[in-house]
Amino acid sequence: MANLQLKKVEKVYGNSFKAVHGIDLDVKDGEFMVLVGPSGCAKSTTLRMIAGLETITGGEIRIGDKVVNNLVPGDRGIAMVFQNYALYPHMKVKNNLSFGLKIKRTPKEKIAAGVENVSGILEIGELLERLPKQLSGGQAQRVAVGRALIKQPEVFLFDEPLSNLDAKLRASMRVRITDLHKQLKQSATSSTVVYVTHDQTEAMTMGDRICVMKDGHIMQVADPVTLYNRPENEFVAGFIGSPEMNLIPVKLSRNGAPAITLGGQTVTFGNQLASRLSANLGEKLTMGVRPQHMQMVSSETENAFSGKVSHVEFMGHEVNLYVAIAGHQVTVVIPGDHYNPSMLSDGAIRLAPHESRLHLFDPETGQNISLSQD
Amino acid sequence: MTSLANQPQTLLEQARAHNARTRRNQMISTVVRYGILAIVGFIMLYPLLWLVGASFKTNAEIFASPSFIPENPTLEGYQRGWDTSTRWNFGHFFLNTLWIIIPKTIGTAISATLVAYGFARFEFPFKKILFATVIATLLLPNVVTRIPQYLLFRDLGWLDTYLPLWVPSALAGDAFFVFMLIQFLRAIPRDMEEAARVDGANTIQTLVFIVIPMLAPAIISVCLFQFMWTMNDFLGPLIYISSVEKYPVSLALRLSLDVTEAFQWNQVLAMSALTLAPSLIVFFVAQRYFIEGISTGGVKG
């Protein structure tokens, strides 16, 4: 039972490259925290610093109430699942599972009980006598999880554990790991998880909270719904959600109702948006609107942008439209049921953004300036 | 009409003839290739075969015929050669050789593994310079260091003991082995060792339980090389060992060359054949690991 705290944690490499810029992160006891970000954002480095495989050059890491900065990985009360499983190739599955306990001189009966318990939970009972090279990817993955589970650590660390599996297996392992976490939580065993991934689907579906990282900085930490609906900055807005949020440079005028101008076309919004904007805003802003939040409207409707459809992707349940509005590429997703090829016969389209789902970002700082204060 | 009807048959026959010709050509080419290989192989093996054959000949016959099949096979060479002209028989010298080889091989395996592990996996001050030094000793001709080494060991009072033969190897003095193991280790991903550290293993436990089992093929190769090279080493014992009692076989072989005036060639050859045997046997027994150890060194992903 332990929480995990990172306080101003820094990592500077020998060649004075600063990989992690003083990050603060608080993972609550029993929480499933996902670190997500593009490659090179230092999410794996952060995880390895928590594990103790990488030294930290500044700040403090706490697990429970003890500072673990200078503890070796074995004494930190953590267990880790590696991307390529890192099973010991010369040991049978059974010995792979029990290695950590043997090193800690756990009594034999306890080890046997642990192996039995873990192999029951993960359904790897028949694999115990096999060598890692005789396992399939999914099986090796389960053994790797088992090796972490058997140690009953305070914090579980996962380093992109599903990235070597095929799509179908990945989906089922995702569910399995989430279920496992719930089970642990219910049985009141320690179940704090830090999970690194670059896949936003994994992040959104598995995490209690998600920590979005970029270039060694934390961009936002929030639960999936907040992250999707209230991104604090342009980066998070663009990173979370698929297809990506449209981010378009626009002009805002506030003579009366707020009006957004994009390449000569002006759309006027109402009080909802006005109430979210503070008084002193510049004129040039970046408008962010998700593809799902642009509505196709009839050509007579006012307060909509006109564009030309350049490309259509019919996916079945939904349709992706690629639209050019005044030279800017905009993606729009409409439900498949509403789609009829004839409605795009001349390529002209009129799109109205949902006022309540519209975001405005400061183009210089990237901060979202349209979040209401509540 | 008839010509048209017959045409398919002619075509079929032509095709069959063509196939037969191709098969025949392939056969001839195979025979020629293997023939050449066999002849060249035989030429290369001939000195060895001759050695074994001649060891069963009488002294008179050895230089009389170039054939390796003895006319009157005799074991005299083996019997007399085994007894030697000294107080000790050849078995004693074999034991001496083993007494040199076994500690040396064990020492090499342990020290080279430790040093290679250090270089391949840890960062420490002056690592680059130290590694360059190791590689430099690899490039340095052995002869260059003989005299300084001799002086050093003389001052330590180690002359006429096996220490000058054991100690350098037990301190990872054989840069080649260190280099070979480093290359092998570099090809093994670190994840397993990191997993072991997370599992609570310290550096030595990681080395013993995780690294050495994965490194086993390379370590076996190192042992084999060291075994064979030490078995065949002549110069080392010649320089440091002076009392006949402590001679290994490589020196004992030479012994039969200077004590008698007329060389008993069949004795020398018989003992040479015996001396070759251990290396050959060890090589064939461990061939699988040997090849695995060398070939996977650079390319294993």
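Analysis parameters
Residues numbered from 1 in each chain as written. Chains lettered and ligands numbered in written order. Predicted model: local features only at pLDDT ≥ 70, side-chain atom pairs only at ≥ 80, totals over all residues. Helix = DSSP H or I, 4+ residues; strand = E, 2+ residues; numbered from the N terminus. Buried ≥ 20, exposed ≤ 12 C-beta atoms within 10 Å, placed from the backbone. Contact = placed C-beta atoms within 7 Å. Domains from an automatic or database assignment. Nonpolar A, V, L, I, M, F, W, Y, C, P; charged D, E, K, R; others polar. Pairing = 2+ DSSP bridges. Axes fitted to C-alpha atoms, helices over the stretch in contact; angles between N-to-C directions. UniProt positions renumbered as here; feature names shortened; annotations may be inferred. Parallel < 35°, antiparallel > 145°, perpendicular 65-115°, else oblique. Left-handed = near helix turned anticlockwise from the far one by under 90°. Core = buried A, V, L, I, M, F, W, Y, C linked by C-beta atoms within 7 Å.

### Description of the overall build of chain A
Looking only at helices and strands, chain A has nine helices and 20 strands in total. The principal-axis extents of the C-alpha atoms in chain A amount to approximately 80 × 45 × 40 Å. Relative to its full complement of 374 residues, chain A shows a buried share of 39%. In chain A, of all internal contacts separated by at least 6 residues, the share reaching a separation of at least 24 is 65%.

### A short note on the domain arrangement of chain B
Residue and element names in this part refer to chain B. For chain B, the assigned domains are domain 1 (2-77) and domain 2 (79-299). Inter-centroid distance (C-alpha atoms) of domain 1 to domain 2 is 39 Å. Contacts between domain 1 and domain 2 engage 11 residues on the former and 11 residues on the latter. The set of elements that each furnish at least two residues to the side of domain 1 that touches domain 2 consists of helix H1 (2-54), helix H2 (59-62) and helix H3 (76-83). Ranked by residue count, the leading element in the side of domain 1 that touches domain 2 is H1, at three residues. Each residue belonging to the side of domain 1 that touches domain 2 can be placed in one class, and the counts come to five nonpolar, four polar and two charged.

### So, the sheet that holds strand E17 (residues 318-325) of chain A
All names here are of chain A. An order of E15-E19-E16-E17-E18 is seen for the five strands of this open sheet, with the pairing classed as antiparallel. The sheet terminates laterally at strand E15 (294-297) and strand E18 (328-335), the two strands that pair on one side only. Along the sheet, successive strands turn relative to each other by an average axial angle of 45°, direction set aside. With six bridges joining them, strand E16 (residues 305-314) and E17 adopt antiparallel strand pairing. Bridging across to E17, Glu313 finds its partner in Asn320.

### Focus on the UniProt feature "domain: ABC transporter" (unreviewed entry) in chain A
Feature annotation in UniProt assigns "domain: ABC transporter" (unreviewed entry) to the following positions: residues 4-240 of chain A. With 37% helix and 25% strand, residues 4-240 of chain A has end C-alpha atoms that lie 25 Å from one another.

### A word on the UniProt feature "transmembrane region" (unreviewed entry) in chain B
What UniProt calls "transmembrane region" (unreviewed entry) maps, in this numbering, to residues 31-52, 93-117, 129-153, 165-185, 206-229 and 265-286 of chain B. Annotated as residues 165-185 of chain B, this span is 81% helix and 0% strand, and its ends, taken at the C-alpha atoms, are 27 Å apart.

### Here's the deal with the domain arrangement of chain A
Residues and elements named next belong to chain A. Partitioning chain A into structural domains gives domain 1 (4-229) and domain 2 (239-361). Summarising the inter-unit geometry, the C-alpha centres of domain 1 and domain 2 are found 40 Å apart. Taken residue by residue, the interface counts four residues in domain 1 and four residues in domain 2. Residues that form the side of domain 1 that touches domain 2 fall into these classes: three nonpolar, one polar and no charged.

### Section: the sheet that holds strand E2 (residues 18-27) of chain A
All names here are of chain A. Pairing is antiparallel across the open sheet formed by four strands, whose spatial order is E2-E1-E4-E5. In this open sheet, the two edge strands, each paired with only one partner strand, are E2 and strand E5 (66-67). Alignment of strand E1 (residues 4-12) against E2, held across six bridges, turns out to be antiparallel. By the bridge assignment for E2, Val9 is matched with Ile23.

### Regarding the packing of helix H4 (residues 90-121) of chain B against helix H8 (residues 175-186) of chain B
All names here are of chain B. Between H4 and H8, the shortest axis-to-axis distance is 8 Å and the interhelical angle comes to 50°. Relative to H8, the element H4 is oriented oblique. Once H4 is placed against H8, the crossing between them reads as right-handed. For the pair H4 and H8, contact is made by Thr108, Ala112, Thr113, Val115, Ala116, Tyr117, Phe119 and Ala120 and by Phe177, Val178, Leu181, Ile182, Leu185 and Arg186, respectively. Residues of the contact of H4 with H8, tallied by class, amount to 11 nonpolar, two polar and one charged.

### Focus: the interface of chain A and chain B
Contacts between the two partners involve 18 residues from chain A, matched on the other side by 13 residues from chain B. Those elements giving two or more residues to the side of chain A that touches chain B turn out to be strand E6 (78-81) and helix H2 (93-103) of chain A. A breakdown of the residues in the side of chain A that touches chain B according to their chemical character gives 13 nonpolar, four polar and one charged.

### Digging into the environment of Ser44 of chain A
Residues and elements named next belong to chain A. When you line up the elements, Ser44 lands in helix H1 (residues 43-51). Exposure remark for Ser44: the 18 C-beta atoms within 10 Å place this residue in the partly exposed category. Between the C-alpha atoms of Ser44 and Ala188, which are 144 residues apart in sequence, the distance is 28 Å. Sequence-distant contacts of Ser44, that is, excluding residues within four places in its chain, are made with Asp159 and Val196.

### Some words on the nonpolar core
The nonpolar side chains of soluble globular proteins are, as a tendency, buried together. Formed by 146 residues in total, the largest nonpolar core has its most connected members in Val34, Leu157, Val194 and Cys211 of chain A together with Leu181 of chain B. Setting aside residues up to four positions removed in sequence, Leu181 of chain B forms contacts with Ala112, Thr113, Ala116, Leu215, Ala218 and Val222 of chain B.

### Let's talk about unusual backbone geometry
Residue and element names in this part refer to chain A. A cis amide bond links Ser242 to the next residue, Pro243, at an omega of -10°. Looking at the secondary structure, you find Pro243 in the loop between helix H8 (234-239) and strand E11 (246-253). The phi dihedral of Glu123 is positive, around 55°, even though this residue is not glycine. Residue placement: Glu123 occurs in the loop between helix H3 (108-122) and helix H4 (137-149). Exposure remark for Glu123: the 12 C-beta atoms within 10 Å place this residue in the exposed category.

### Looking at H1 of chain A
Across the nine residues of H1 of chain A, eight count as buried, placing the element largely inside the fold. Of the residues flanking the end of H1 of chain A, it is Gly52 of chain A, one or two places downstream, whose phi is positive at about 95°.

### Let's talk about the pairing of strand E8 (residues 192-197) of chain A
All names here are of chain A. A large share of E8 lies buried, amounting to six of its six residues. Burial along E8 is two-sided: the residues Thr192, Val194 and Val196 and Val193, Tyr195 and Thr197 are all buried. As defined by bridge partners, strand E3 (residues 32-36) adjoins E8 across five bridges and the pair is classed as parallel. Pairing of Val36 across the sheet is with Thr197, part of E8.

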